[in-house]
Every structure is written in C-alpha cells, then in structure tokens.
Amino acid sequence: MSFIKVEYPRDGICQISLNRPERMNAMAFDVMVPFREALEETGFNNDIRAVIITGAGDSFCSGADLEDPGWLEIFNGLTVPGIARRAMRILEDVVRTIHDLPQPVIGAINGAAIGGGFCLAMAADIRIASEKAYFRPAGINNGLTSAELGLSYLLPRAIGTSRAFEIMLTGRDVDALEAADLGIVSRTVHPDHLMDECYDIAERIKESANRVTALAEQE
C-alpha cells in the first residue's frame, strides 16, 4: 500500500494526499520521504498550476508517529541524539519543500492537524478547513519544544505574535471556527464541500497563471 496518493482531479491541478488514515496520517518516515519526493516532482512539472495537499480519512496529519516511526538507512550507525537530529532535518525538509514550491499550495484541512501536521498546514499558501478540523501544537504538551518544525516562524506571520505564542505555549486546541476568526485558515466549509471548494480555488489560480504565462510568451 502506498502511503502517498497523487491525483490530478482537474487539468493543471495536482492533489497529493497523505494516505495512512489508520494512523491519522502520522509523520512516519515511510510517509514523509515519499511525500517530499512527490512534492519535489510536482514542483518541476510545468503543466501543474496549483497543488492541493490533504489527508486521507478523517484527519489531515496527527504529527510525529511515536509508535511506528519507521527506519531509514541514513540512521544506521548513529546514536539516539544523532538519529533525532537527522529525523528533524528530514521532517523540516518536507515543510520547507511545501513552502518553496513554485506553484501555489492549497491546504485542504479535513480534520486534525496536530504538531507537525499543524506545521504542514501552515506551510501551505492558502488553507481551507472542514468544520471538523482543529489545530493543536503538540511539542509543548510532550515536553519537546513549542517551536516544532518551523511553527514559531510560520504561525506568528499568519496571525500575529501574541495570538500565535498563546496557542503554541499553552498547547490548546483551535477549532475550525476560531481558526477562521484568527486567520489560520481562509474559511471553513461543510466537510462534504471541502475538496470542491479547494478545486474551485485552484481553478481560479490556474486561470490567472495561464493568463500571466500567455502574456509572458507574447513579449
């Protein structure tokens, strides 16, 4: 079973889904490495004008998989601290890849976005949330950090420092309605309408991108 699903729901639009619903799409290495590779490949596809990222099932991403994180050959021979540093680098690369994609990225936040999953969501350019979605910074709750995977960089720039640090330092949940009020997401929609809403936004982006490309080709 592939833990990443790449689809092309409409012309010029790529949808990349985390596909491990039984683990709430947790960030195991056998999920995140192919996810990053799929993002990178899409970034070099000039036929793709917009990218949608989401999660299979009822969750967007539940963050680090603490039960079954998987193993990569690049961990061989490292001590536990060395493995931890290498693991964080791999996960940070995923967030950076989303942030650096040349195409606009729409996050279809269909459910829980916890810890690293919160960071994945914040790396998207546009976020649309299901009414069932919620956001939780996990690092402060498990005693690791409140700045996991760039959240302390991304969240304050989206909603301001005071509100961002109140959320990160308390580790509380932010439901979809509050997320829209704060500006974490653009809007909330009924769960049944989430993907269609994201497709429509991607279509409008695609049309604008095509016009810009056409103008450039005429110069």
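Worth saying up front: this structure is predicted, and the values here are computed from it rather than measured.

Participant: Would you explain the packing of aromatic side chains in this entry?
Facilitator: Centre distance and the angle of the planes are the two values used to describe a pair of aromatic rings. All chains considered together, the criterion is met by 1 aromatic pair. Ring centres 5.3 Å apart and planes at 50° place the aromatic pair Phe118 and Phe135 in the tilted group. One end of the pair, Phe118, is in helix H3 (residues 116-123); the other, Phe135, is in strand E8 (residues 134-136), with 17 residues separating them in the sequence. Accessibility classification places Phe118 together with Phe135 in one group, the buried group. It is Arg20 that lies over the ring of Phe3; its NZ or CZ is 5.3 Å from the centre.

Participant: Is there a simple way to explain the sheet that holds strand E10 (residues 187-189) in this structure?
Facilitator: The strands that make up a sheet pair up through hydrogen bonds in the backbone, lying either parallel or antiparallel. If you walk across this open sheet you meet the 6 strands as E1-E2-E3-E5-E7-E10, and the pairing is mixed. Lying at the two open borders of the sheet, with one neighbouring strand each, are strand E1 (4-10) and E10. Neighbour to neighbour, the strand axes of the sheet diverge by 25° on average, direction disregarded. Here strand E2 (residues 13-18) pairs with strand E3 (residues 50-55) via 6 bridges, running parallel. Across the sheet, Ile16 pairs through a bridge with Ile53, a residue of E3.

Participant: Is there a simple way to think about the pattern of salt bridges in this case?
Facilitator: Pairs may arise between side chains of opposite charge once their charged atoms sit close together. The final tally for this structure, using the stated rule, is 10 salt bridges. Between Asp173 and Arg136 there is a salt bridge whose closest N-O contact spans 2.5 Å. In this pair, Asp173 sits in the loop between helix H5 (161-170) and strand E9 (174-175) while Arg136 sits in strand E8, placing the two residues 37 residues apart along the sequence. For Asp173, a relative accessible area of 38% gives the class partly exposed. A relative accessible area of 25% places Arg136 in the partly exposed class. For Lys206, the salt bridge identified is with Glu203, shortest N-O distance 3.1 Å. Separated by 3 residues within a single helix, Lys206 and Glu203 lie in helix H7 (residues 194-218), roughly one turn from each other. In this pair, the class of Lys206 matches that of Glu203, namely buried. One connected set of salt bridges, linked through shared partners, spans Arg10, Asp200, Glu203 and Lys206.

About the cut-offs
- Residues numbered from 1 in each chain as written.
- Predicted model: local features only at pLDDT ≥ 70, side-chain atom pairs only at ≥ 80, totals over all residues.
- Heavy atoms only, no water.
- Phe/Tyr/Trp six-rings, centres within 6.5 Å; stacked < 30°, edge-to-face > 60°.
- Helix = DSSP H or I, 4+ residues; strand = E, 2+ residues; numbered from the N terminus.
- Buried < 20%, exposed > 50% of the residue type's maximum accessible area, 1.4 Å probe, protein only.
- Lys NZ or Arg CZ within 6 Å of the ring centre and 35° of its normal.
- Pairing = 2+ DSSP bridges.
- Axes fitted to C-alpha atoms, helices over the stretch in contact; angles between N-to-C directions.
- Salt bridge = Lys/Arg side-chain N within 4 Å of Asp/Glu carboxyl O.

Limitation: the analysis is restricted to geometry and does not speak to function.
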